[in-house]
Amino acid sequence: STAQPKTFKLGALLPLTGGFSSYAKLAQCAAELAIEDLNAKYADKGYKFELYVEDTQLDNNVALQKLQTLYAKGVRAVHAGLTSREASGEKPFADKNKIVLFSAWSTSSLLAIPDDWLYRIVGTDAKQVKAIGAILKELGVKNVALIYRRDAYGEGLYLELQKEASARGFKLV
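As a starting point, this report considers the structure included with it. Residue positions within a chain follow its written sequence, with the count starting from 1. Totals for whole chains, interfaces and linings use all residues, but because this is a predicted model, local features are given only for residues with pLDDT of at least 70 and pairs of side-chain atoms are given and counted only at 80 or more. As a convention, hydrogens and water are excluded, and side-chain values are obtained from all of the structure's heavy atoms.

What about helix H2 (residues 60-72)?
In plain terms, the rule: By definition, any uninterrupted DSSP run of H or I lasting at least four residues is a helix, any uninterrupted run of E lasting at least two residues is a strand, and each is numbered from the N terminus. The span expected for a helix works out to 1.5 Å for each residue beyond the first. Exposed residues in this analysis have more than 50% of their type's maximum accessible area, buried residues have under 20%, and partly exposed residues fall in between, with area computed by a 1.4 Å probe over protein chains only. The reported arc concerns the directions from the helix axis to the C-beta atoms and nothing else. Throughout, a residue-residue contact means that at least one pair of heavy atoms, one from each residue, lies within 4.5 Å.
Taking 1.5 Å per residue as the helical rise, H2 with its 13 residues ought to reach 18 Å, and the 18 Å between its terminal C-alpha atoms agrees with that figure. When H2 is considered as a whole, its buried residues turn out to be Val62, Ala63, Leu67 and Leu70. Buried positions in H2, seen along its axis, are confined to an arc of 140° and lie on one side of it. Looking at the buried positions of H2, the neighbouring elements they touch are strand E1 (6-14), strand E2 (47-55), strand E3 (77-79), helix H3 (84-97) and strand E4 (100-103). Directly beyond the C-terminal end of H2, a positive phi value near 95° is found at Gly74.

Points about the side chain of Asp116
What counts here: Residues adjacent in sequence count toward polar contacts only when both atoms are side-chain atoms; beyond that, a polar contact is any pair of N or O atoms within 3.5 Å, and within protein one must be able to donate a hydrogen and the other to accept it.
Here Asp116 shows up in the loop between E4 and strand E5 (118-120). Assessed through its relative accessible area of 11%, Asp116 is described here as buried. Polar contacts involving the side chain of Asp116 include one to the side chain of Lys91, which spans 2.8 Å. Not counting chain neighbours up to four residues away, the residues in contact with Asp116 comprise Lys91, Asp95 and Leu111.

Let's talk about the layout of surface pockets
Test applied: Cavity and pocket criteria rest on a 1 Å grid covering protein atoms alone: a 1.4 Å probe that fits but cannot get out defines a cavity, protein on both sides within 12 Å along at least 5 of 7 lines defines an open pocket, and an atom within 4 Å of a point defines a lining residue. Grid points are joined across faces, edges and corners, and a volume is the space filled by probe spheres set on the points. Under the grouping applied here, Gly and all other residues not named as nonpolar or charged are polar, the nonpolar ones being Ala, Val, Leu, Ile, Met, Phe, Trp, Tyr, Cys and Pro and the charged ones Asp, Glu, Lys and Arg.
The computed volume of the largest pocket comes to approximately 200 Å³. As for the largest pocket, its lining consists of 13 residues, and the residues nearest its centre are Leu10, Gly11, Ala77, Val78 and His79. Secondary structure elements with two or more residues in the lining of the largest pocket: E1, helix H1 (21-42), E3 and E4. Its residues assigned to classes, the lining of the largest pocket shows 11 nonpolar, two polar and no charged.

Here we look at the nonpolar core
Condition: Only buried residues count toward a nonpolar core, which is a set of Ala, Val, Leu, Ile, Met, Phe, Trp, Tyr and Cys residues joined through side-chain atoms within 4.5 Å.
Ranked by size, the top nonpolar core spans 13 residues in total, and within it Leu67, Val78, Ile99, Leu101 and Leu118 carry the most contacts. Broken down by secondary-structure element, the contributors of at least two residues to this core are H2 and H3. Top contributing element to this core by residue count: H3, with three residues. Sequence-distant contacts of Leu118, defined by excluding residues within four places in its chain, comprise Ala80, Ala87, Lys91, Asp95, Leu101, Ser103, Ser106 and Leu111.

A short note on the packing of H2 against H3
How we decide: For helices, the fitted line uses only the C-alpha atoms of the stretch in contact; every axis is such a line through C-alpha atoms, and the angle between N-to-C directions lies from 0 to 180 degrees. Note on convention: the crossing is left-handed when the near helix lies turned anticlockwise from the far helix by less than a right angle, right-handed when the turn is clockwise.
Contact geometry for H2 and H3: axes closest at 7 Å, N-to-C directions at 35°. In this structure, H2 meets H3 at a crossing whose hand is right-handed. Note on element contacts: H3 touches H2 through Arg85, Glu86, Ser88, Gly89, Glu90, Phe93, Ala94 and Asn97, opposite Asn60, Ala63, Leu64, Leu67, Gln68 and Tyr71. Of the residues belonging to the contact of H2 with H3, the class tally is six nonpolar, five polar and three charged.

Topic: H3
The cut-off we apply is this: Given a residue, its bend is the angle between the two axes fitted to the seven residues that end at it and to the seven that start from it.
The end-to-end C-alpha separation of H3 is 19 Å, in line with the 20 Å expected for 14 residues at 1.5 Å each. Of all the bends in H3, the largest measures some 40° and sits at Glu90, one to four residues before the proline Pro92. Among the residues making up H3, those that are buried are Ser84, Glu86, Ala87, Gly89, Glu90, Lys91, Phe93, Ala94 and Asn97. Buried residues along H3 sit in contact with E1, H2, E4, E5 and helix H5 (152-168). Where H3 ends, the next residue or the one after it, Lys98, has phi of about 55°, a positive value.

Given below as structure tokens:
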């Protein structure tokens, strides 16, 4: 008799409806292809990978509910929502329950906390703002009016730009 494969349940929390849905659908396709590749490569080694996808609707509260749904199914590693807004909803539950959140999109410096469970492969707002600040200085800009969303992404970007404004000699108005 053949032994049952060890199953790894992986999740993807994506805004499949609402804003960013076109990006989310691409991310879902990529995740499905990755699962196919993993299963093809490791099936003969006794491993099986399953993908569970949930729609966050680009809402941090829905993202938290969907993470809880995945957790109840035994998922402990999740592609976090595409935005810092979603990640901010998911993060406290993930930290408390030791769920690995992985994001290629979340950039908010407000979510850059040592020893947490959110891993990101994209630079934080702090790094992006340095480039923006250098360009503004080179252009000789003295005053900057910033319109931003009141969420983890927008507020994090605003706070980082405030720091950069002092260092680069321009003012947020």
